Amino acid sequence: MQSYARVRFFIISDTHGEDLAHYPIEPIDVVIHCGDLTQDSELSEYKQAIKLLNNINAPLKLVIGGNHDFTLDNTLYRQKLTEASLPLPQQDNTVKTTYGNFGEAKAFFDAESTSDNSGIVLLDEGTHDIEVANGVRLKIYASSFVPSEENHYGYPYDPHPGHIWDIPPDVDIVITHPPPKGVLDYNNNTKRRAGCEMLFSAVAKAQPRLHCFGHVHEAWGAKIVTWRQEKPNYITHMTAIDGEKSEVIQSLAKLKGERAEANEDEQIRKKLGEIEARGYCYAAPELRKGGQTLFVNASIEGAETETQQLPWMVELDFPRSQT
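Here is what the cut-offs are and how they apply
Residues numbered from 1 in each chain as written. Predicted model: local features only at pLDDT ≥ 70, side-chain atom pairs only at ≥ 80, totals over all residues. Heavy atoms only, no water. Phe/Tyr/Trp six-rings, centres within 6.5 Å; stacked < 30°, edge-to-face > 60°. Buried < 20%, exposed > 50% of the residue type's maximum accessible area, 1.4 Å probe, protein only. Helix = DSSP H or I, 4+ residues; strand = E, 2+ residues; numbered from the N terminus. Lys NZ or Arg CZ within 6 Å of the ring centre and 35° of its normal. Pairing = 2+ DSSP bridges. Axes fitted to C-alpha atoms, helices over the stretch in contact; angles between N-to-C directions. Disulfide = S-S within 2.5 Å. Polar contact = N/O pair within 3.5 Å; in protein donor to acceptor, adjacent residues only side chain to side chain. Salt bridge = Lys/Arg side-chain N within 4 Å of Asp/Glu carboxyl O. Contact = heavy atoms within 4.5 Å. Parallel < 35°, antiparallel > 145°, perpendicular 65-115°, else oblique. Left-handed = near helix turned anticlockwise from the far one by under 90°. Nonpolar A, V, L, I, M, F, W, Y, C, P; charged D, E, K, R; others polar.

J.: Kindly report on the packing of aromatic side chains, identifying the contributing residues and their values.
T.: With the rule as written, the count across this model stands at 10 aromatic pairs. Both rings, one in Phe70 and one in Tyr77, keep their centres 6.4 Å apart while their planes meet at 55°; by these two values the pair is tilted. Here Phe70 falls in the buried class, since its relative accessible area comes to 7%. An angle of 80° between the planes, with centres 5.8 Å apart, marks the rings of Phe145 and Tyr155 as edge-to-face. Highlighted residues: Phe145 in the loop between β6 (137-143) and β7 (146-147) and Tyr155 in the loop between β7 and β8 (156-157), separated in sequence by 10 residues. Note on Tyr155: relative accessible area 13%, which makes it buried. Through a chain of ring-to-ring contacts, the aromatic side chains of Phe70, Tyr77, Tyr99 and Phe102 assemble into a single cluster. Across the ring face of Phe102, the terminal group of Arg78 is positioned such that the distance to the ring centre comes to 4.4 Å. Above the plane of the ring of Phe70 lies Lys80, whose end atom (NZ or CZ) is 5.1 Å from the centre.

J.: Break down the sheet that holds strand β17 (residues 312-319) for me, citing the residues and quoting the values.
T.: The six strands are arranged β4-β3-β2-β1-β17-β15 in an open sheet whose pairing can be described as mixed. The sheet is open, and its two borders are formed by β4 (120-122) and β15 (281-283), each paired with just one other strand. Ignoring strand direction, the axes of neighbouring strands in this sheet form an average angle of 25°. The sheet contact formed by β15 and β17 spans three bridges and is parallel. Bridge pairing in β17 links Ala283 to Val314.

J.: Describe the state of the cysteines, with residues and values.
T.: Counting across every chain of the model gives zero disulfides. Distance from the sulfur of Cys34, which forms no disulfide, to the nearest cysteine sulfur (Cys212) is 3.9 Å. Exposure remark for Cys212: the relative accessible area of 0% places this residue in the buried category.

J.: Could you give me a rundown of the side chain of Gln250, with the residues and numbers involved?
T.: Structurally, Gln250 is set in strand β14 (residues 247-251). For Gln250, a relative accessible area of 3% puts it in the buried group. At 3.2 Å, the side chain of Gln250 forms a polar contact with the side chain of Glu258.

J.: How would you explain the pattern of salt bridges if you had to name every residue and give the values?
T.: Considering all chains together, one arrives at 10 salt bridges under this definition. The residue Arg6 makes a salt bridge to Asp317 at a minimum N-O spacing of 3.0 Å. A residue pair is termed long-range when its members are at least 10 positions apart, and Arg6 in strand β1 (residues 4-12) and Asp317 in strand β17 qualify at 311 residues. By relative accessible area, which is 32% here, Arg6 ends up partly exposed. In this structure, Lys139 and Asp170 form a salt bridge, with 3.0 Å as the shortest nitrogen-oxygen distance. Of the two residues, Lys139 sits in strand β6 while Asp170 sits in the loop between β8 and β9 (173-176), which places them 31 residues apart along the sequence. By relative accessible area, Lys139 is classed as partly exposed at 22%. A relative accessible area of 45% means that Asp170 is categorised as partly exposed. A single salt-bridge network, built from bridges that share partners, covers Arg6, Arg8, Glu286, Glu315 and Asp317.

J.: How would you sum up the side chain of Glu258? Please name residues and give values.
T.: Of note, Glu258 is situated in helix α7 (residues 252-261). Residues within four places of Glu258 in sequence aside, it is in contact with Gln250, Ile268, Lys271 and Leu272.

J.: Lay out the packing of helix α1 (residues 43-54) against helix α4 (residues 104-113) with the relevant residues and their values.
T.: At a closest axis distance of 10 Å, the pairing of α1 and α4 adopts a crossing angle of 20°. One way to sum up the angle between α1 and α4 is to call them roughly parallel. Judged by the sense of rotation from one axis to the other, the crossing of α1 with α4 is right-handed. Two secondary-structure elements touch here, α1 through Leu43, Tyr46, Lys47, Ile50 and Asn54 and α4 through Glu104, Ala105, Phe108, Phe109 and Glu112. Here the contact of α1 with α4 is composed, by residue class, of six nonpolar, one polar and three charged.

J.: Before we move on, could you go through the packing of α7 against helix α8 (residues 266-278) and cite the residues and values that matter?
T.: For any two helices packed against each other, the geometry is given by the interaxial angle and the distance between the axes. Interaxial distance between α7 and α8 falls to 8 Å at its minimum, and their mutual angle equals 125°. In this view, α7 runs oblique relative to α8, as classed from their interaxial angle. In this structure, α7 meets α8 at a crossing whose hand is left-handed. Across the interface between the two elements, Leu255, Glu258, Arg259 and Glu261 from α7 touch Ile268, Lys271, Leu272 and Glu276 from α8. Residues that form the contact of α7 with α8 fall into these classes: three nonpolar, no polar and five charged.

Below you can see the structure in the form of C-alpha coordinates.
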(Lines give C-alpha, C1' and ligand atoms only; values in the text may rest on other atoms or scores of the structure.)
Protein backbone atom coordinates (compact mmCIF):
# COMPACT_ATOMS: atom_id res chain seq x y z
CA MET A 1 0.00 0.00 0.00
CA GLN A 2 1.35 3.39 -1.01
CA SER A 3 2.38 5.55 1.96
CA TYR A 4 2.59 9.32 1.90
CA ALA A 5 4.70 11.89 3.70
CA ARG A 6 4.16 15.59 4.16
CA VAL A 7 6.84 17.92 2.80
CA ARG A 8 7.17 21.46 4.12
CA PHE A 9 8.44 24.05 1.64
CA PHE A 10 9.59 27.60 2.32
CA ILE A 11 9.26 29.52 -0.96
CA ILE A 12 10.82 32.87 -1.84
CA SER A 13 11.73 34.80 -4.98
CA ASP A 14 13.07 38.20 -6.04
CA THR A 15 15.09 38.94 -2.93
CA HIS A 16 17.39 41.14 -5.08
CA GLY A 17 20.40 41.02 -2.78
CA GLU A 18 18.41 41.94 0.33
CA ASP A 19 18.02 40.07 3.60
CA LEU A 20 14.71 38.62 4.76
CA ALA A 21 12.71 40.69 7.21
CA HIS A 22 11.63 37.49 9.01
CA TYR A 23 13.21 34.05 9.19
CA PRO A 24 11.09 30.98 9.94
CA ILE A 25 11.79 29.17 13.19
CA GLU A 26 9.89 26.01 12.23
CA PRO A 27 11.75 23.03 10.72
CA ILE A 28 11.63 23.06 6.91
CA ASP A 29 12.26 20.24 4.46
CA VAL A 30 12.94 22.22 1.29
CA VAL A 31 13.64 25.90 0.60
CA ILE A 32 12.89 27.08 -2.94
CA HIS A 33 14.26 30.35 -4.35
CA CYS A 34 12.69 31.17 -7.72
CA GLY A 35 15.33 33.58 -8.99
CA ASP A 36 16.45 37.20 -8.95
CA LEU A 37 18.89 36.52 -6.17
CA THR A 38 20.49 39.87 -6.99
CA GLN A 39 19.61 43.34 -8.24
CA ASP A 40 22.70 44.03 -10.34
CA SER A 41 24.34 40.59 -10.49
CA GLU A 42 27.25 41.69 -8.33
CA LEU A 43 29.37 39.18 -6.44
CA SER A 44 28.53 40.82 -3.10
CA GLU A 45 24.83 40.27 -3.80
CA TYR A 46 25.34 36.58 -4.49
CA LYS A 47 27.22 36.30 -1.21
CA GLN A 48 24.28 37.96 0.56
CA ALA A 49 21.84 35.56 -1.13
CA ILE A 50 23.91 32.57 -0.01
CA LYS A 51 24.08 34.00 3.52
CA LEU A 52 20.28 34.37 3.49
CA LEU A 53 19.83 30.76 2.38
CA ASN A 54 22.29 29.48 4.97
CA ASN A 55 20.37 31.33 7.68
CA ILE A 56 17.30 29.19 6.97
CA ASN A 57 17.31 25.92 8.89
CA ALA A 58 16.62 23.35 6.17
CA PRO A 59 18.62 20.40 4.79
CA LEU A 60 17.86 21.25 1.15
CA LYS A 61 17.68 24.61 -0.65
CA LEU A 62 16.85 24.62 -4.37
CA VAL A 63 17.81 27.76 -6.30
CA ILE A 64 17.41 29.03 -9.85
CA GLY A 65 18.62 32.24 -11.46
CA GLY A 66 16.44 35.09 -12.66
CA ASN A 67 16.76 37.84 -15.24
CA HIS A 68 18.72 40.04 -12.81
CA ASP A 69 21.29 37.29 -12.27
CA PHE A 70 22.92 37.71 -15.67
CA THR A 71 26.46 36.77 -14.56
CA LEU A 72 25.20 33.21 -14.04
CA ASP A 73 24.70 33.22 -17.82
CA ASN A 74 28.17 33.59 -19.38
CA THR A 75 26.85 34.42 -22.84
CA LEU A 76 24.70 37.27 -21.52
CA TYR A 77 27.44 38.44 -19.17
CA ARG A 78 29.82 38.86 -22.09
CA GLN A 79 27.09 40.54 -24.16
CA LYS A 80 26.25 43.06 -21.43
CA LEU A 81 29.89 44.01 -21.03
CA THR A 82 30.07 44.64 -24.76
CA GLU A 83 26.86 46.72 -24.75
CA ALA A 84 28.17 48.83 -21.86
CA SER A 85 31.58 49.25 -23.55
CA LEU A 86 33.24 47.62 -20.54
CA PRO A 87 36.37 45.48 -20.72
CA LEU A 88 36.42 41.77 -19.91
CA PRO A 89 36.98 40.96 -16.22
CA GLN A 90 40.42 39.54 -17.02
CA GLN A 91 41.36 42.97 -18.36
CA ASP A 92 39.88 45.25 -15.71
CA ASN A 93 40.18 44.86 -11.95
CA THR A 94 37.02 46.88 -11.19
CA VAL A 95 34.87 44.65 -13.40
CA LYS A 96 36.54 41.56 -11.94
CA THR A 97 36.02 42.71 -8.35
CA THR A 98 32.41 43.80 -8.89
CA TYR A 99 31.05 41.09 -11.19
CA GLY A 100 33.73 38.41 -11.14
CA ASN A 101 35.32 36.30 -13.83
CA PHE A 102 33.15 34.25 -16.17
CA GLY A 103 31.71 31.40 -14.14
CA GLU A 104 32.73 32.85 -10.77
CA ALA A 105 29.20 33.56 -9.54
CA LYS A 106 28.10 30.03 -10.44
CA ALA A 107 31.19 28.67 -8.71
CA PHE A 108 29.91 30.15 -5.43
CA PHE A 109 26.88 27.87 -5.65
CA ASP A 110 28.90 24.88 -6.86
CA ALA A 111 31.01 25.22 -3.73
CA GLU A 112 27.88 25.39 -1.57
CA SER A 113 26.47 22.23 -3.19
CA THR A 114 29.51 20.24 -2.03
CA SER A 115 29.39 21.65 1.50
CA ASP A 116 28.31 19.27 4.25
CA ASN A 117 26.14 21.86 5.98
CA SER A 118 24.79 24.17 3.26
CA GLY A 119 22.32 22.09 1.25
CA ILE A 120 22.19 24.76 -1.49
CA VAL A 121 21.74 23.42 -5.03
CA LEU A 122 21.64 25.71 -8.08
CA LEU A 123 19.41 23.98 -10.64
CA ASP A 124 20.12 24.17 -14.35
CA GLU A 125 17.23 24.09 -16.78
CA GLY A 126 15.72 20.63 -17.00
CA THR A 127 14.29 17.82 -14.88
CA HIS A 128 15.88 16.83 -11.59
CA ASP A 129 15.18 13.88 -9.28
CA ILE A 130 15.52 15.20 -5.74
CA GLU A 131 15.44 13.09 -2.58
CA VAL A 132 13.97 14.66 0.55
CA ALA A 133 15.09 13.54 4.00
CA ASN A 134 11.69 12.03 4.90
CA GLY A 135 11.83 9.40 2.14
CA VAL A 136 10.08 11.33 -0.62
CA ARG A 137 11.61 11.56 -4.09
CA LEU A 138 10.51 14.60 -6.05
CA LYS A 139 10.66 15.07 -9.80
CA ILE A 140 11.30 18.78 -10.33
CA TYR A 141 11.41 20.79 -13.53
CA ALA A 142 13.38 24.04 -13.27
CA SER A 143 14.00 26.92 -15.67
CA SER A 144 15.27 30.48 -15.35
CA PHE A 145 14.30 31.64 -18.85
CA VAL A 146 12.22 34.81 -19.09
CA PRO A 147 10.28 36.29 -22.04
CA SER A 148 11.95 39.50 -23.18
CA GLU A 149 11.25 41.33 -26.40
CA GLU A 150 14.29 43.55 -25.89
CA ASN A 151 16.72 40.86 -24.70
CA HIS A 152 17.24 42.52 -21.31
CA TYR A 153 19.39 40.94 -18.60
CA GLY A 154 19.83 37.19 -18.16
CA TYR A 155 18.07 34.12 -19.54
CA PRO A 156 16.00 35.97 -22.17
CA TYR A 157 13.97 34.44 -24.95
CA ASP A 158 11.92 36.09 -27.65
CA PRO A 159 8.18 35.58 -26.91
CA HIS A 160 7.83 34.90 -30.62
CA PRO A 161 8.57 32.08 -31.39
CA GLY A 162 8.84 31.43 -27.64
CA HIS A 163 10.70 28.88 -25.55
CA ILE A 164 10.46 25.09 -25.34
CA TRP A 165 9.27 24.05 -21.88
CA ASP A 166 10.10 20.35 -21.76
CA ILE A 167 8.06 19.55 -18.64
CA PRO A 168 7.50 15.77 -18.19
CA PRO A 169 3.97 14.48 -17.50
CA ASP A 170 4.96 12.89 -14.17
CA VAL A 171 6.58 16.01 -12.73
CA ASP A 172 5.78 16.89 -9.10
CA ILE A 173 7.00 20.48 -8.93
CA VAL A 174 7.76 23.18 -11.49
CA ILE A 175 10.12 26.02 -10.52
CA THR A 176 10.43 28.92 -12.96
CA HIS A 177 11.34 32.56 -12.64
CA PRO A 178 8.46 33.94 -14.76
CA PRO A 179 4.81 33.07 -14.17
CA PRO A 180 2.62 31.25 -16.65
CA LYS A 181 0.20 33.44 -18.56
CA GLY A 182 -3.09 33.81 -16.75
CA VAL A 183 -2.07 32.86 -13.21
CA LEU A 184 -0.70 35.42 -10.74
CA ASP A 185 0.92 37.39 -13.56
CA TYR A 186 -1.01 40.65 -13.91
CA ASN A 187 1.30 43.64 -14.40
CA ASN A 188 -0.23 46.80 -12.98
CA ASN A 189 2.06 49.06 -14.98
CA THR A 190 1.27 47.65 -18.41
CA LYS A 191 -2.29 46.62 -17.46
CA ARG A 192 -1.80 43.23 -19.03
CA ARG A 193 -0.77 39.72 -18.14
CA ALA A 194 3.00 39.30 -18.24
CA GLY A 195 3.25 35.51 -18.05
CA CYS A 196 4.32 33.08 -20.74
CA GLU A 197 1.57 31.41 -22.77
CA MET A 198 3.74 28.46 -23.78
CA LEU A 199 4.75 27.90 -20.15
CA PHE A 200 1.10 27.83 -19.13
CA SER A 201 0.32 25.27 -21.84
CA ALA A 202 3.17 23.00 -20.69
CA VAL A 203 2.13 23.24 -17.03
CA ALA A 204 -1.53 22.63 -17.90
CA LYS A 205 -0.56 19.41 -19.69
CA ALA A 206 1.70 18.19 -16.87
CA GLN A 207 -0.55 19.37 -13.98
CA PRO A 208 2.11 19.27 -11.22
CA ARG A 209 1.12 19.58 -7.59
CA LEU A 210 3.08 22.82 -7.23
CA HIS A 211 4.30 25.54 -9.60
CA CYS A 212 6.23 28.35 -7.94
CA PHE A 213 7.75 31.47 -9.51
CA GLY A 214 8.19 35.23 -9.07
CA HIS A 215 9.30 37.99 -11.48
CA VAL A 216 6.00 39.93 -11.54
CA HIS A 217 6.20 41.43 -8.05
CA GLU A 218 2.72 42.92 -7.91
CA ALA A 219 1.12 39.56 -8.71
CA TRP A 220 2.32 38.04 -5.42
CA GLY A 221 -0.01 35.42 -3.98
CA ALA A 222 -1.15 31.80 -4.14
CA LYS A 223 -3.96 30.11 -6.01
CA ILE A 224 -5.36 26.59 -6.23
CA VAL A 225 -6.21 25.92 -9.86
CA THR A 226 -8.68 23.19 -10.72
CA TRP A 227 -8.20 21.88 -14.24
CA ARG A 228 -11.09 21.16 -16.57
CA GLN A 229 -11.53 17.45 -17.15
CA GLU A 230 -12.18 17.86 -20.85
CA LYS A 231 -9.04 18.67 -22.84
CA PRO A 232 -9.43 21.82 -24.97
CA ASN A 233 -8.05 21.89 -28.50
CA TYR A 234 -6.25 25.14 -27.76
CA ILE A 235 -4.84 25.38 -24.23
CA THR A 236 -5.00 28.79 -22.54
CA HIS A 237 -5.85 29.92 -19.03
CA MET A 238 -9.35 30.68 -20.33
CA THR A 239 -9.96 27.17 -21.69
CA ALA A 240 -8.00 24.91 -19.32
CA ILE A 241 -8.90 26.31 -15.87
CA ASP A 242 -12.23 25.65 -14.18
CA GLY A 243 -12.67 29.10 -12.67
CA GLU A 244 -15.65 28.21 -10.48
CA LYS A 245 -13.70 25.42 -8.76
CA SER A 246 -10.44 27.35 -8.43
CA GLU A 247 -9.57 29.47 -5.40
CA VAL A 248 -7.27 32.39 -4.66
CA ILE A 249 -5.69 31.67 -1.29
CA GLN A 250 -4.11 35.10 -1.03
CA SER A 251 -3.18 38.03 -3.28
CA LEU A 252 -2.24 41.65 -2.77
CA ALA A 253 -5.76 42.71 -3.71
CA LYS A 254 -7.33 40.23 -1.29
CA LEU A 255 -4.88 41.19 1.45
CA LYS A 256 -5.67 44.88 0.93
CA GLY A 257 -9.37 44.12 1.27
CA GLU A 258 -8.82 42.13 4.46
CA ARG A 259 -6.79 44.96 5.96
CA ALA A 260 -9.59 47.39 5.15
CA GLU A 261 -12.08 45.09 6.88
CA ALA A 262 -9.87 44.37 9.87
CA ASN A 263 -11.08 47.42 11.83
CA GLU A 264 -14.63 46.08 11.74
CA ASP A 265 -13.99 42.32 11.87
CA GLU A 266 -12.18 40.82 14.87
CA GLN A 267 -11.61 37.44 13.18
CA ILE A 268 -9.89 39.04 10.19
CA ARG A 269 -7.87 41.27 12.51
CA LYS A 270 -6.73 38.21 14.47
CA LYS A 271 -5.87 36.30 11.29
CA LEU A 272 -3.75 39.18 9.92
CA GLY A 273 -2.04 39.57 13.28
CA GLU A 274 -1.05 35.91 13.26
CA ILE A 275 0.35 36.19 9.72
CA GLU A 276 2.42 39.24 10.58
CA ALA A 277 3.70 37.65 13.81
CA ARG A 278 4.99 34.50 12.10
CA GLY A 279 6.31 36.41 9.08
CA TYR A 280 4.97 34.25 6.25
CA CYS A 281 1.76 33.13 4.57
CA TYR A 282 0.75 29.49 4.94
CA ALA A 283 -0.98 27.02 2.63
CA ALA A 284 -1.57 23.28 3.08
CA PRO A 285 -4.26 22.37 0.55
CA GLU A 286 -5.52 18.84 0.02
CA LEU A 287 -5.08 18.78 -3.73
CA ARG A 288 -7.06 16.47 -5.96
CA LYS A 289 -4.54 14.15 -7.58
CA GLY A 290 -4.13 14.87 -11.28
CA GLY A 291 -6.72 17.62 -11.25
CA GLN A 292 -5.37 20.52 -9.22
CA THR A 293 -2.18 22.58 -8.98
CA LEU A 294 -1.09 25.04 -6.32
CA PHE A 295 0.48 28.11 -7.95
CA VAL A 296 2.65 30.40 -5.81
CA ASN A 297 4.08 33.78 -6.81
CA ALA A 298 6.65 34.25 -4.04
CA SER A 299 8.10 37.65 -4.98
CA ILE A 300 9.57 39.19 -1.84
CA GLU A 301 10.31 42.64 -3.21
CA GLY A 302 7.26 44.87 -2.92
CA ALA A 303 5.82 46.40 -6.07
CA GLU A 304 4.92 49.80 -4.67
CA THR A 305 6.51 50.14 -1.24
CA GLU A 306 9.78 49.29 0.45
CA THR A 307 7.98 46.82 2.69
CA GLN A 308 8.80 43.21 1.91
CA GLN A 309 6.07 40.91 0.74
CA LEU A 310 5.66 37.75 2.79
CA PRO A 311 7.34 34.44 1.95
CA TRP A 312 5.22 31.31 1.59
CA MET A 313 5.22 28.21 3.75
CA VAL A 314 3.55 25.36 1.87
CA GLU A 315 2.86 21.81 3.04
CA LEU A 316 1.93 19.10 0.54
CA ASP A 317 1.68 15.31 0.67
CA PHE A 318 3.78 13.16 -1.66
CA PRO A 319 4.13 9.39 -2.01
CA ARG A 320 7.18 7.90 -0.32
CA SER A 321 9.83 6.36 -2.54
CA GLN A 322 9.41 2.60 -3.06
CA THR A 323 13.16 2.02 -3.42
